[in-house]
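# Coordinate inspection notes
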Amino acid sequence: MAPLPLPSASTISTTAISGVHVVKLSGYSHAKQLLGTGECVESTVFKAAGHSWRVKVYPNGALEECGPGSIALFLALAGGKSKADTPVTFDRVERDWGFEDEGLGGKLEDPEYLNDDAILIRCDITVLNDPTVERRDLEALDTLQEDKTPPAMTRPSASTITVTASAGCHVLKVSGYSRTKLLTGNGNHIKSAEFKEAGHKWRIRCYPDGAHEETAGHVALYLELAGESTDVHAKFQFNLVPHGQLTSAPHSGRVISDRVIFGSKCADNCFGFKDFMARGELEKSEYLKDDCLYIRCDIIALNKPVVKLHDPDTLLELLCCCSDDLCKNIHAPDKMEDEAYGKPRRCLGLTEMLLSCLPIPMKPSQDPLFHTEYSRL
């Protein structure tokens, strides 16, 4: 019998590359207040583990069923739903993965997580390289040594997302109130001149006999975005101001309870109150004097987020919350990697920063607007 031929042999070697990116989100309270469920801010594009990415932060959760205090974090492959430690595949169909709802009970109230209205988000990424396939001699197969060289530690990258809001106030004087009753029927309105506040142009609409049939006998007030097609996330408040107190802070009024979006998806770019005040009540109040009244409108509008990619050499400066003037001397550059990888000095406050971004309830001082219902024309 002829001897059996020696079998052939080959190897498959799998390797992976890792990277770390830290995102600092400043102005968290503005994002929480003026973005709705399913709306996000995105980091700038950064490179880690051999690919380009973005981090998406949903301050109020990604899904409608997300409860209060929810926040969502997603990693998106730039250029285009599982737990963060579960292997996933980024491709042409699924270009982003992450946490849809991280409601963790208001732990961001702890200064360890929230400082100066900013939170830190760390993203650790490991990407599987294409396997290396080689043909080998059978005799050499058992002698092949596994490469046990530890992977080189890459310096973490960092970026910032800065969310800001602009605030403004406008006072409208309506003279000849009694003559507004000459407008026949409800649904008719008078309109203010165009004014610019909170970074945008607006008008106030006043309906002396209500905006809809069911609210006849009421004064209706609406805020209109003038001449813009871009989306504007905003909150606003109407107050009637007593005569002689135009510079005083408002003490009562009606306010949109949630942020509204003026823009391309609104047929008339107008939101407000169809039954702001009964006419009989207004005509007996201190607000109507000498046949005129003053309407004050306070507006808060979200500015376009500013995103920036930082040089690795500035990472400690970005993360450190310490107010000590000697901070740069305390944090020697050669300790940067240890601190970013989970061995921070005390003032960095990164002990629990393996990144679940944690939600925070709105502080009263951060939300000057109180709750009520609103309507759209």
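For the structure, see preceding data.
A short tour of the structure in this document, coming up. (Residues numbered from 1 in each chain as written. Predicted model: local features only at pLDDT ≥ 70, side-chain atom pairs only at ≥ 80, totals over all residues. Heavy atoms only, no water.)

### So, the nonpolar core
- By size, the foremost hydrophobic cluster in this structure holds 31 residues, and its most contacted members are W202, L223, F236, F238 and F262.
- Put simply, the parts of the chain that give this core at least two residues each are strand 11 (165-175), strand 14 (200-207), strand 15 (218-225), strand 16 (232-241), strand 18 (260-262), strand 19 (270-278) and strand 20 (292-302).
- W202 has contacts with A193, E194, F195, E197, L223, E224, L225, A226, V232, A234, F262 and I299, leaving out every residue within four places of it along the chain.
- Among the nonpolar cores identified, the runner-up in size contains 27 residues, and V23, F46, I125 and V127 belong to it. (Core = buried A, V, L, I, M, F, W, Y, C linked by side-chain atoms within 4.5 Å. Buried < 20%, exposed > 50% of the residue type's maximum accessible area, 1.4 Å probe, protein only. Helix = DSSP H or I, 4+ residues; strand = E, 2+ residues; numbered from the N terminus. Contact = heavy atoms within 4.5 Å.)

### Some points on the environment of C40
- Summarising the element assignment, C40 is placed in the loop between helix 1 (28-34) and strand 3 (41-42).
- A C-alpha to C-alpha distance of 9.9 Å links C40 and V55, two positions 15 residues apart in sequence.
- Those residues within four positions of C40 in sequence are excluded, and the remaining contacts are L35, K56, V57, Y58 and P59.

### Remarks on empty space enclosed by the protein
- Its boundaries defined by the atoms lining it, the second largest cavity holds a volume of some 60 Å³.
- As for the second largest cavity, its lining consists of V174, Y177, T180, I190, C206, P208, V219, L221, L282, L293 and I295.
- Taken together, the elements giving at least two residues each to the lining of the second largest cavity come down to strand 15 and strand 20.
- A per-class count over the lining of the second largest cavity returns ten nonpolar, one polar and no charged. (1 Å grid on protein atoms, 1.4 Å probe; cavity = no way out; pocket = protein on both sides within 12 Å on 5 of 7 lines; lining within 4 Å. Points joined across faces, edges and corners; volume = space filled by probe spheres on them. Nonpolar A, V, L, I, M, F, W, Y, C, P; charged D, E, K, R; others polar.)

### Looking at the sheet that holds strand 21 (residues 306-310)
- Taken together, the four strands give an open sheet; going across it, the order is 8-2-10-21, and neighbouring strands pair in mixed fashion. The outermost strands of the open sheet, each flanked by one partner alone, are strand 8 (118-128) and strand 21. The average angle at which neighbouring strand axes cross in this sheet is 20°, direction not considered.
- Bridge count for strand 2 (residues 16-26) against strand 8 is eleven bridges, and the pairing is antiparallel. By the bridge assignment, L25 is partnered in strand 8 with I119. (Pairing = 2+ DSSP bridges. Axes fitted to C-alpha atoms, helices over the stretch in contact; angles between N-to-C directions.)

### Re the pattern of salt bridges
- Counted according to the given criterion, the structure contains ten salt bridges.
- When the shortest N-O distance is used, the salt bridge between E39 and R259 registers 3.1 Å.
- The closest approach of N and O atoms between E224 and R203, which form a salt bridge, is 3.5 Å. With E224 in strand 15 and R203 in strand 14, this residue pair connects regions lying 21 residues apart in the sequence. (Salt bridge = Lys/Arg side-chain N within 4 Å of Asp/Glu carboxyl O.)

### Remarks on the pairing of strand 5 (residues 51-58)
- In terms of strand pairing, strand 3 meets strand 5 through two bridges, oriented antiparallel. Bridge pairing in strand 5 links V41 to V57.
- With three bridges joining them, strand 4 (residues 46-48) and strand 5 adopt antiparallel strand pairing. Counterpart to A48 in the pairing with strand 5 is H51.
- The hairpin formed by strand 4 and strand 5 contains two residues between the paired strands, and A49 there has a positive phi angle of roughly 55°.
- Direction of pairing for strand 5 relative to strand 6 (residues 72-77): antiparallel, over a ladder of six bridges. Across the sheet, residue V57 finds its bridge partner in strand 6, namely L73.

### Points about the packing of aromatic side chains
- One pass over the structure, following the stated rule, counts ten aromatic pairs.
- Between the aromatic rings of F238 and F273, the centroid separation amounts to 6.3 Å while the plane-to-plane angle is 75°, which identifies the pairing as edge-to-face. Of this pair, F238 sits in strand 16 while F273 sits in strand 19, and the two are 35 residues apart along the sequence.
- F238 sits in the buried class, given a relative accessible area of 0%.
- By relative accessible area, which is 1% here, F273 ends up buried.
- For the ring pair F273 and F276, a centre distance of 6.2 Å and an interplane angle of 55° mean the geometry is tilted. With respect to class, F273 is no different from F276; both count as buried. (Phe/Tyr/Trp six-rings, centres within 6.5 Å; stacked < 30°, edge-to-face > 60°.)

### Here we look at the side chain of S26
- Here S26 shows up in strand 2.
- Apart from residues no more than four positions distant in its own chain, S26 is found in contact with D117, A118, I161, T162 and V163.

Treat this as a map of the structure, not an account of what it does.
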